[in-house]
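Listed below are the residues making up each chain.
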Amino acid sequence: MLEYLSIIITAIFVNNIVFAQFLGICPFLGVSKRISSAVGMGMAVMFVMVIATAVTYLLQMYVLEPFNVAFLQTIVFILVIAALVQVLEIVMKKAMPALYQALGVFLPLITTNCAVLGVAILVVQKNMAFVEALVYSVSTAVGFTIALVIFAGIREQLSISRVPKCMQGVPIALITAGILAMAFMGFAGIKIG
């Protein structure tokens, strides 16, 4: 049980996928202008990340490795992620049209979101068991969502604040992201157990 707690705390705070591993930066910067879009994107990424991790883990363990075709890992993982995003897009279009419209062009970004692919590959590289892999993927997605929502909240505040003209937009966003990354570095000293 302590190992799962360690995985959760580490994935969310210590090795946050955005601030410590620098994966998922495109949606982090692209969808973080409004909290509602950030939450929707975070939930979509969580769904895709968990399902993709489960499917790719099983493919790796029961297809790629037994048949000695592990060199196809990246291609297979990308195809699985792309297929899952297409399914998610169809479901969201029917079930949640408002969220689908809010995410707009950013929904296909999940396909190329290196955080999703990165988690699928990291799980295999770290030789995690299946349950550990699922806990890690959920925790990483939670960490991604937290980073996205915090950043969106700050960007909403910045949009109504007086920011010097030369710093408006991307410059202040990048500086803010850097400060957030440094703040998350404070969690690096956390020891569990």
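Residues numbered from 1 in each chain as written. Predicted model: local features only at pLDDT ≥ 70, side-chain atom pairs only at ≥ 80, totals over all residues. Heavy atoms only, no water.

Engineer: Mind showing me how you'd approach unusual backbone geometry here?
Structural biologist: Excluding glycine, a negative phi dihedral is what most residues carry, and trans is how most peptide bonds are arranged. Phi angles above zero are rare outside glycine, and Phe22 is one such case at about 55°. Relative to the assigned elements, Phe22 resides in the loop between helix H1 (2-14) and helix H2 (25-30). At Asn68, a position not held by glycine, the phi torsion is positive, near 55°. On the secondary structure map, Asn68 appears in the loop between helix H3 (35-64) and helix H4 (73-95). Residue classification places Asn68 among the exposed positions, given a relative accessible area of 64%. (Helix = DSSP H or I, 4+ residues; strand = E, 2+ residues; numbered from the N terminus. Buried < 20%, exposed > 50% of the residue type's maximum accessible area, 1.4 Å probe, protein only.)

Engineer: Please clarify how the side chain of Thr176 should be interpreted in this entry.
Structural biologist: Mapped onto the fold, Thr176 is located in helix H8 (residues 170-185). Take Thr176: its relative accessible area is 10%, and that puts it in the buried class. The residues touching Thr176, leaving out its near neighbours within four places in the chain, are Phe151, Ile154 and Leu158. (Contact = heavy atoms within 4.5 Å.)

Engineer: I keep staring at the packing of aromatic side chains and nothing clicks. Help me out?
Structural biologist: For any pair of aromatic rings, the description rests on two quantities: the centre-to-centre distance and the angle between the ring planes. Applying the stated criterion across every chain yields a total of six aromatic pairs. Geometrically, the ring pair formed by Phe28 and Phe151 is stacked, given 4.4 Å between the ring centres and 20° between the ring planes. Highlighted residues: Phe28 in helix H2 and Phe151 in helix H7 (residues 130-159), separated in sequence by 123 residues. With a relative accessible area of 2%, Phe28 lands in the buried category. Note on Phe151: relative accessible area 0%, which makes it buried. One aromatic cluster is present, built from ring pairs that chain together Phe13, Phe19, Phe28, Phe151, Phe184 and Phe187. (Phe/Tyr/Trp six-rings, centres within 6.5 Å; stacked < 30°, edge-to-face > 60°.)

Engineer: Looking at this structure, I do not really get the packing of H7 against H8. What am I missing?
Structural biologist: The axes of two packed helices give the description: the angle between them and the distance between them. Direction vectors running N to C along H7 and H8 enclose 135°, while the axes themselves pass 11 Å from each other. Comparing their axes, H8 and H7 come out oblique. The hand of the H7/H8 crossing is right-handed. Here H7 contributes Ile146, Ile150, Phe151, Ile154, Arg155 and Leu158 to the contact with H8, which in turn contributes Ile172, Ala173, Thr176, Ala177, Leu180 and Phe184. Of the residues that constitute the contact of H7 with H8, the class distribution is 10 nonpolar, one polar and one charged. (Axes fitted to C-alpha atoms, helices over the stretch in contact; angles between N-to-C directions. Parallel < 35°, antiparallel > 145°, perpendicular 65-115°, else oblique. Left-handed = near helix turned anticlockwise from the far one by under 90°. Nonpolar A, V, L, I, M, F, W, Y, C, P; charged D, E, K, R; others polar.)

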